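# Structure assessment
Chain by chain, the residues:
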Amino acid sequence: MRTIAPDGYDQYRENIARGNVKVVEYFSVTVGKSRKMRIYTPPGYSGNQTYNVLYLLHGIGGDENEWFNHGQPHIILDNLYADNKLAPLIVVLPNGRAMPDDRPVGDIFDPEKIRAFERFELDLLNDLIPFIESNYPVSTERESRAIAGLSMGGGQSLNIGLHHLDRFAWIGAFSPAPNTQAPEQLVPNPQEAAALLRLMWLSCGDGDEDNFKHISERMHTYLAERGVPHNWALESGGHDWPVWKNDLYYFSQLLFKV
Ligand code: FER
């Protein structure tokens, strides 16, 4: 499948209702200190409505600002809201490096930092999600929770999402990185996964620059051979933002819909 978002999808549009992005802190028992995330609330956000939540994860060199600075999800999503193409959702942009100094500085491949991306599973499930669900008007049903991310965050989305299908019904992996576990480990019971998943979005740039194509292709082949429905998007481009933004544009429109 090849899908290219229409011109202007990521451009600031005048005269439409706007959402809001805020930096919010939560206490992480896992890490032992307060941690920062960004939270996007949509246009017309109101405590009287119930929202779905997308947890959207960054790459190995990023932090809670990466999607905001490079992907501008607020602009893409505001435009989609204006066109009536989204179910109501809040987007949480966490910091996926769960360690006391979670800044992307120094050697970003330091094994301690790679381990912190694994530890994030506990931070997300035990600290961050409970914080969101006790402070925002959101549904706590699995069908109202999505997890997606790019590269390192794509691998985290597969690892965390597929091991916790009781918590997530919608999963997106945009150019998932080598931290992605083997398909046999992630989907040991294909029939069960097929029954529980509302959406499994898997993508990669088709350019030679995307060195991780084998990771998503391996997953795609495994799922296809076992009849697990998934959206496989081999997109024009490399391991880069045009592909990931394009993914968000299409993935977000499928979320939380019957
Ligand atoms: C690796 C190479 C790249 C790896 C992770 C990455 C954990 C992540 C890249 C990115 O997020 O862009 O060997 O192993």
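These figures come from a predicted structure and were not determined experimentally. Numbering of residues starts from 1 in every chain and runs along the sequence as written. It should be noted that, the model being predicted, local features are given only for residues of pLDDT at least 70 and side-chain atom pairs only at 80 or more, the latter also being counted only at that level, while totals for whole chains, interfaces and linings use all residues. Note: side-chain values were computed over all heavy atoms of the structure, leaving out hydrogens and water.

## Points about the overall build of the protein
Going along the chain from the N terminus, every DSSP run of H or I of four or more residues is numbered as a helix, and every run of E of two or more is numbered as a strand. Check the secondary structure of the protein and you find eight helices and eight strands. To get the radius of gyration, use the C-alpha atoms; to get the globule rule, take the number of residues to the power 0.38 and multiply by 2.2 Å. Relative to a compact globule of 258 residues, whose C-alpha radius of gyration would be 18 Å, the protein shows 17 Å and is just as compact. A principal-axis box enclosing the C-alpha atoms of the protein has dimensions of 45 × 45 × 35 Å. Contact definition: two residues touch when any of their heavy atoms are within 4.5 Å. The long-range fraction of contacts in the protein, counting pairs at least 24 apart against all pairs at least 6 apart in sequence, stands at 75%. Taken as a whole, the protein presents about 10900 Å² of accessible surface, with 49% of it coming from carbon and sulfur. Asp and Glu are treated as the negative residues and Lys and Arg as the positive ones, with His and the ends of the chain left uncounted. Working definition for charges: the position is that of NZ of Lys, CZ of Arg, CG of Asp or CD of Glu. Taking the 23 positively charged and 33 negatively charged side chains of the protein as two groups, their mean positions are separated by 4 Å. Accessibility throughout is a Shrake-Rupley quantity obtained with a 1.4 Å probe, and a residue counts as covered only by protein chains that appear here.

## Brief notes about the sheet that holds strand 8 (residues 231–235)
Only strands that DSSP links by at least two bridges are regarded as paired with each other. Across the sheet, which stays open at both edges, the eight strands sit in the order 1-2-4-3-5-6-7-8 with mixed pairing between neighbours. Two strands bound the open sheet, and with one partner strand each, they are strand 1 (20–28) and strand 8. Within the sheet, the average angular offset between the axes of one strand and its neighbour, ignoring direction, is 20°. Taken together, the three bridges between strand 2 (residues 33–41) and strand 4 (residues 89–93) define a ladder with antiparallel strand orientation. From the neighbouring strand, Tyr40 faces strand 4, where its bridge partner is Val91. Lines are fitted to the C-alpha atoms to define the axes, a helix being fitted only along its stretch in contact, and any angle between axes, read from their N-to-C directions, falls within 0 to 180 degrees. Where helix 7 (residues 213–225) meets the sheet, it contacts strand 7 (199–205) and strand 8, and its direction lies at approximately 145° from that of strand 7.

## So, the pattern of salt bridges
Once their charged atoms are close, side chains differing in charge can pair, the charge on each being opposite to the other. Each reported salt bridge corresponds to a side-chain nitrogen of Lys or Arg within 4 Å of a carboxyl oxygen of Asp or Glu. On inspection of all chains with the given rule, the structure shows 15 salt bridges. Between Arg119 and Glu112 there is a salt bridge, with its nearest N and O atoms 3.5 Å apart. Because the salt bridges share partners, they merge into one network encompassing Arg35, Asp63, Glu64, Asp102, Arg103 and Asp123.

## A few points about the nonpolar core
We call a set of buried Ala, Val, Leu, Ile, Met, Phe, Trp, Tyr and Cys residues a nonpolar core when their side-chain atoms join them within 4.5 Å. Think of it in three bands: with a 1.4 Å probe and only protein chains considered, a residue is buried below 20% of the maximum accessible area for its type, exposed above 50%, and partly exposed in between. One finds Tyr55, Leu124, Leu128, Ile132 and Leu162 to be the most contacted residues of the largest nonpolar core, which totals 40 residues. Top element by residues in this core is helix 3 (residues 111–135). It accounts for six residues. Sequence-distant contacts of Tyr55, defined by excluding residues within four places in its chain, comprise Val92, Leu124, Leu128, Ile129, Ile132, Glu133, Arg145, Ala146, Ile147, Ala148 and Phe168.

## Structural notes on the side chain of Ser203
With respect to the helices and strands, the residue Ser203 is situated in strand 7. Looking at Ser203, its side chain comes within polar contact range of the side chain of Asp247, at 2.9 Å. The contact partners of Ser203, leaving out residues within four places of it in the chain, are Ala173, Phe174, Ser175, Pro176, Ser216, Trp232, Ala233, Glu235 and Asp247. Counting of polar contacts relies on pairs of N or O atoms within 3.5 Å, with two restrictions inside protein: one atom must be capable of donating a hydrogen and the other of accepting it, and residues adjacent in sequence are counted only when both atoms are side-chain atoms.

## Some points on helix 7
Helix span, expected: 1.5 Å multiplied by one less than the number of residues in the helix. Helix length check: helix 7 (13 residues) gives 18 Å between terminal C-alpha atoms against 18 Å at 1.5 Å per residue, within 8%. Among the residues making up helix 7, those that are buried are Ile215, Ser216, Met219, Tyr222 and Leu223. For helix 7, the arc enclosing every buried residue in end-on projection is 125°, short of the 170-degree limit, so these residues lie on one face. In helix 7, those exposed residues whose orientation departs by more than 90 degrees from the buried face are His214 and Glu225. On the buried face of helix 7, the contacting elements are helix 4 (152–163), helix 5 (183–186), helix 6 (190–196), strand 7 and strand 8. Directions are taken from the helix axis to each C-beta atom, and the arc is the one they span.

## Comments concerning the site of the ligand
Each residue is tested against the molecule or strand, and it is near if at least one of its non-hydrogen atoms lies within 4 Å. In the region of the ligand, the neighbouring residues are Gly59, Ile60, Phe109, Ile114, Ser151, Met152, Ala177, Pro178, Asn179, Phe212 and His239. Ser151 is positioned with one of its side-chain polar atoms (N or O) 2.8 Å from an oxygen atom of the ligand. Take Met152: an N or O atom from its main chain is 2.9 Å from an oxygen atom of the ligand. Here the ligand, which alone exposes 370 Å², has 75% of that area covered by the protein. Side-chain classes follow a simple rule in which Ala, Val, Leu, Ile, Met, Phe, Trp, Tyr, Cys and Pro form the nonpolar group, Asp, Glu, Lys and Arg form the charged group, and the remainder, Gly included, forms the polar group. Class assignment of the residues belonging to the shell around the ligand gives a composition of seven nonpolar, four polar and no charged.

## Digging into unusual backbone geometry
The residue Asn84 is not glycine, and still its phi comes out positive at about 65°. Among the structural elements, Asn84 can be located in the loop between helix 2 (73–82) and strand 4. Look at Asn84 and you get exposed, because its relative accessible area is 70%. Despite not being glycine, Ser151 shows a phi value in the positive range, around 55°. The topology assignment puts Ser151 in the loop between strand 5 (145–150) and helix 4. On the accessibility criterion, Ser151 (8% relative accessible area) is buried.

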